[in-house]
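Structure at a glance
Single-letter residue listing:
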Amino acid sequence: MAVATVKQLKPLSDRVLVKAVEKEEERKGGIIIPDTAKEKPQEGEVIAVGPGKRDEQGKLTPMDVKVGDRILYGKYSGTEIKLDDEEYLIMHQDDILGIL
């Protein structure tokens, strides 16, 4: 089975491929928080978008986000996938809270 690359992946319907953006680590009082205790980032960059969702009449509703947008998404949104040894999320456009 061939391994897909990021450039080959085309999300379907209203799905979006997102690369999480790590925020800069803040240290207060010299305490270092281990990686296992850190919260998942909730900010990312859109890498690929699907064509959009179809309504009951079959009309295509275009996507609100585009490649390159910085977005905010819910803490437990999306499905984690690994492509080209990097971690990505694939989620429905409805899981996106806003564009930065």
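Attention shifts here to the overall build of the protein chain. Looking only at helices and strands, one finds 0 helices and 8 strands in the protein chain. Reading the protein chain from its N end, one meets helices and strands in the order β-β-β-β-β-β-β-β. Counting across all 100 residues of the protein chain, residues that qualify as buried make up 27%. Sequence separation of at least 24 residues holds for 66% of the intrachain contacts in the protein chain that already meet a minimum separation of 6.

A few words now on the packing of aromatic side chains. If you walk through the whole model with that rule in mind, you get 0 aromatic pairs. Here the guanidinium or amino end of K19 rests over the ring plane of Y88, the centre of that ring lying 5.5 Å away.

With that out of the way, let us pick up the sheet that holds strand 8 (residues 96-99). With antiparallel pairing, the 6 strands of this open sheet are ordered in space as 6-7-1-2-5-8. Two strands close off the open sheet at either side, each with one partner strand: strand 6 (79-83) and strand 8. Direction aside, the axes of adjacent strands within the sheet are offset by 45° on average. One ladder, built from 5 bridges, connects strand 1 (residues 15-20) with strand 2 (residues 43-49); its direction is antiparallel. Of the residues in strand 2, the one forming a bridge with L17 is A48.

If charged atoms from side chains of opposite charge come close, those side chains can pair. Inspection of every chain in the model, using the stated rule, returns 3 salt bridges. With a closest N to O distance of 2.5 Å, R70 and E43 form a salt bridge. Residue R70 is found in strand 5 (residues 70-73), and its partner E43 is found in strand 2; the two are separated by 27 residues along the sequence. R70 sits in the partly exposed class, given a relative accessible area of 34%.

Definitions and limits used
Residues numbered from 1 in each chain as written. Predicted model: local features only at pLDDT ≥ 70, side-chain atom pairs only at ≥ 80, totals over all residues. Heavy atoms only, no water. Helix = DSSP H or I, 4+ residues; strand = E, 2+ residues; numbered from the N terminus. Buried < 20%, exposed > 50% of the residue type's maximum accessible area, 1.4 Å probe, protein only. Contact = heavy atoms within 4.5 Å. Phe/Tyr/Trp six-rings, centres within 6.5 Å; stacked < 30°, edge-to-face > 60°. Lys NZ or Arg CZ within 6 Å of the ring centre and 35° of its normal. Pairing = 2+ DSSP bridges. Axes fitted to C-alpha atoms, helices over the stretch in contact; angles between N-to-C directions. Salt bridge = Lys/Arg side-chain N within 4 Å of Asp/Glu carboxyl O.

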